[in-house]
Amino acid sequence: NAIRSFLATEREALGLDPDQLRLRRFQRIGHIFYVSFVQTHRGREVLHSEVELRVHERGSVMALGVVYYPDIVVSVIPVLAMAGARDIARNHLGGETQVSISPGDDRTFVLPVEDDGERRYRLVYRFGYRNANQTEAGDIYVDARDGGIARVDDAVLHSDLSGSVAGSIHPL
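Each value, and the rule that gives it
Residues numbered from 1 in each chain as written. Predicted model: local features only at pLDDT ≥ 70, side-chain atom pairs only at ≥ 80, totals over all residues. Heavy atoms only, no water. Helix = DSSP H or I, 4+ residues; strand = E, 2+ residues; numbered from the N terminus. Buried < 20%, exposed > 50% of the residue type's maximum accessible area, 1.4 Å probe, protein only. Contact = heavy atoms within 4.5 Å. Pairing = 2+ DSSP bridges.

## Focus on the overall build of the chain
In step 1: Counting secondary structure elements, the chain contains 3 helices and 10 strands.
In step 2: The secondary structure elements of the chain, listed N-terminal to C-terminal, are α-α-β-β-β-β-β-α-β-β-β-β-β.
In step 3: For the chain, with 172 residues in total, the buried portion stands at 33%.
In step 4: Of the contacts made within the chain by residues no fewer than 6 positions apart, 45% connect residues no fewer than 24 positions apart.

Take a look at the structure:
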């Protein structure tokens, strides 16, 4: 299609390989097409990657955003089974936390990780977690090769708090 042709033509300028993109979203609202791709590496989704375009029906690209990782080097063969990874996640979070897997997430992903200013890539399982009173929730990523915790993302958007805050107002 025209959008893939544009990405192929501009691959050097955008720093991406269109063959590593999988369509995530294609939506038309009025005269505008909203198109979003996710990067893949050897069949695995690269988390936190995205190529998004807004294209007018006449063909002009109105907006373009790219988060793409061209230098991925990671084995995509897991050493650890998903059940073992879930146990590691549960132990890391504490026994009272419910660890679940979302439908369709029973696979491995490539996760870019920054360590001391250097980017590395890890093959991971992604699990959702939530404690009983729902004050803690998010995603935990377990390395599918060495069993280490690669990342924990907190997704709590609000919490009921009580107490008081004291302070002063200073004129500008």
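That shown, we press on.
## Topic: the pairing of strand β10 (residues 149–154)
In step 1: Pairing of strand β9 (residues 137–143) with β10, which is carried by 5 bridges, proceeds in the antiparallel orientation. Bridged to Y141 within β10 is R151.

## Focus on unusual backbone geometry
In step 1: Phi at R42 is positive, roughly 50°, even though this residue is not glycine.
In step 2: On the secondary structure map, R42 appears in the loop between β2 (32–41) and β3 (44–45).
In step 3: Judged by its relative accessible area of 60%, R42 falls in the exposed class.
In step 4: Unusually for a residue other than glycine, H48 sits at a positive phi of about 70°.
In step 5: Looking at the element boundaries, H48 is found in the loop between β3 and β4 (50–56).

## Section: the pairing of strand β8 (residues 118–130)
In step 1: As defined by bridge partners, strand β6 (residues 98–100) adjoins β8 across 3 bridges and the pair is classed as antiparallel. What sits directly across from Q98, in β8, is R130.
In step 2: Two successive antiparallel strands, strand β7 (residues 108–115) and β8, enclose a turn made up of 2 residues, where D116 displays a positive phi of approximately 50°.
In step 3: Relative to β9, β8 is paired through 7 bridges, and the arrangement is antiparallel. Bridge pairing in β9 links G128 to D139.

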